[in-house]
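Summary of structural features
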Amino acid sequence: MAPKNMKEGKAEPLPGKDSRPREQDDEDEEEEEEEEEEEEEEEEEEEEGEETTEIDYDCNVMNKSHLKPVMNLMDWYIPGEAHPDASEQLAGLCLGSPFTTVLCTPDDSPEESEVHGLITLVDLKAQMSVPCMKRIVDMINMFDDRKYFQQIFDTKCVGFVINERTVSGLQELGAQLFVNLFDEYAAAKKKVQFDYFLVLARITLARTDDDQPRKGEPQKKKQKRKAASPSVACIAEDDLVSSSFINPENWCCWQSRAAQAPLITLPHPENVHRNQEGEVVDDSSKHVSIPLLIESSRLKGLLTDVKKLDAYFATA
């Protein structure tokens, strides 16, 4: 026997009930549940964002207890394949520089210090005989078809700014470290008057397609370059924006760079980057470094731009 309100297999709405099909009600309930879940996820992300701002860092003068963690830091700062000897040598140069500052957290013990970042200034020409320094310079020269960098390295005094952190962002802290480095350099009684400053700026590639030749580059030459280092990606100046740079202060360096210098990329095939919570950043395998030359005459303007990253300098 068919139930009431059923005629020829078609359901009729019961008195006082919504005339919408039950399927519509189910869809509405699912949409409401999805919206509630999205709101909860947004609230959790906001809470996590608030938690990250509570992490404090100390800026300390580098000492021997920092050597091993600095070696680990240099291991993925140096372009190309990992090389323990090069990392140890560069860490030693950092220790010997009077301008080196390391970034630690307050709860790090002096005996087992963790280094979350480092910035220093090294005389490139004076240290050129050290294999790690020669390795970096040789790699830059190898990818510089115009030999612009080599001419500068051979004829000018160049200060090598080693600036790296294991956490992304932190533009205020990066600005303070960068400005403090050059304040110390300016105040030093014994120092080399550098004509240029070299910065290796780590960037994230928006695309990693290396199948297309560089602008104006013959196909045959492109194939030769690709065979020499298949990890090197082709990018153009228009590809780079502020968010491309892992360390925000290096965006300012990019804007103050010597315009005559060619844009070249140095690979980091084995390296990964981590966020402030220590998690591996997505697509960190796409990170490369670009060498930037900054003329000393443009240093004042560069520091003015870097100070804009931190509101502290506006009130100081």
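Since we're looking at a predicted model, the values are computed, not measured. (Residues numbered from 1 in each chain as written. Predicted model: local features only at pLDDT ≥ 70, side-chain atom pairs only at ≥ 80, totals over all residues. Heavy atoms only, no water.)

Attention now moves to the sheet that holds strand β9 (residues 287–295). Within the open sheet, the seven strands sit side by side as β3-β4-β5-β6-β7-β9-β8. Their pairing is mixed. Sheet topology places β3 (58–61) and β8 (266–267) at the edges, where each strand pairs with a single neighbour. Inspection of the sheet shows β3 paired to strand β4 (residues 101–104) by four bridges, in the antiparallel sense. Within β4, the position partnered with D58 by the bridge is C104. Helix α6 (residues 171–187) contacts β3, β4, β5 (117–123), β6 (158–165) and β7 (196–204) of the sheet and is inclined by roughly 30° relative to β5. (Pairing = 2+ DSSP bridges. Helix = DSSP H or I, 4+ residues; strand = E, 2+ residues; numbered from the N terminus. Contact = heavy atoms within 4.5 Å. Axes fitted to C-alpha atoms, helices over the stretch in contact; angles between N-to-C directions.)

So, on to the environment of A311. Among the secondary structure elements, A311 is positioned in the loop between α9 (299–307) and α10 (312–315). Residues A311 and E172 lie 139 residues apart in sequence; the distance between their C-alpha atoms is 7.8 Å.

Turning our attention to the confidence of the model for the protein. Overall, the predicted model of the protein reaches an average pLDDT of 79, with 68% of residues at or above 70. Note on residues 220–231: pLDDT under 50 across the span, and 18 contacts to partners over four residues away in sequence or across chains. (pLDDT = per-residue confidence, 0-100.)

Taken residue by residue, α9 has L299, L302, L303 and V306 as its buried positions. Here the buried residues of α9 occupy an arc of 95° about the axis, which is enough to place them on one side. Against the buried residues of α9 lie α6, β7, α8 (248–255) and β9. (Buried < 20%, exposed > 50% of the residue type's maximum accessible area, 1.4 Å probe, protein only. Arc of directions from axis to C-beta.)

What follows covers the environment of K134. Here K134 is to be found in helix α4 (residues 131–143). Note on K134: relative accessible area 42%, which makes it partly exposed. Sequence spacing of K134 and L124 is 10 residues, and the spatial spacing of their C-alpha atoms is 9.3 Å. Separated by 2.7 Å, the side chains of K134 and D138 make a polar contact. (Polar contact = N/O pair within 3.5 Å; in protein donor to acceptor, adjacent residues only side chain to side chain.)

A separate point is α4. Its 13 residues give α4 an end-to-end C-alpha distance of 19 Å, which sits within 8% of 18 Å, the value for a rise of 1.5 Å per residue. Where α4 is concerned, the buried positions are C132, M133, I136, V137, M139, I140, N141 and F143. (Expected span 1.5 Å × (residues − 1).)

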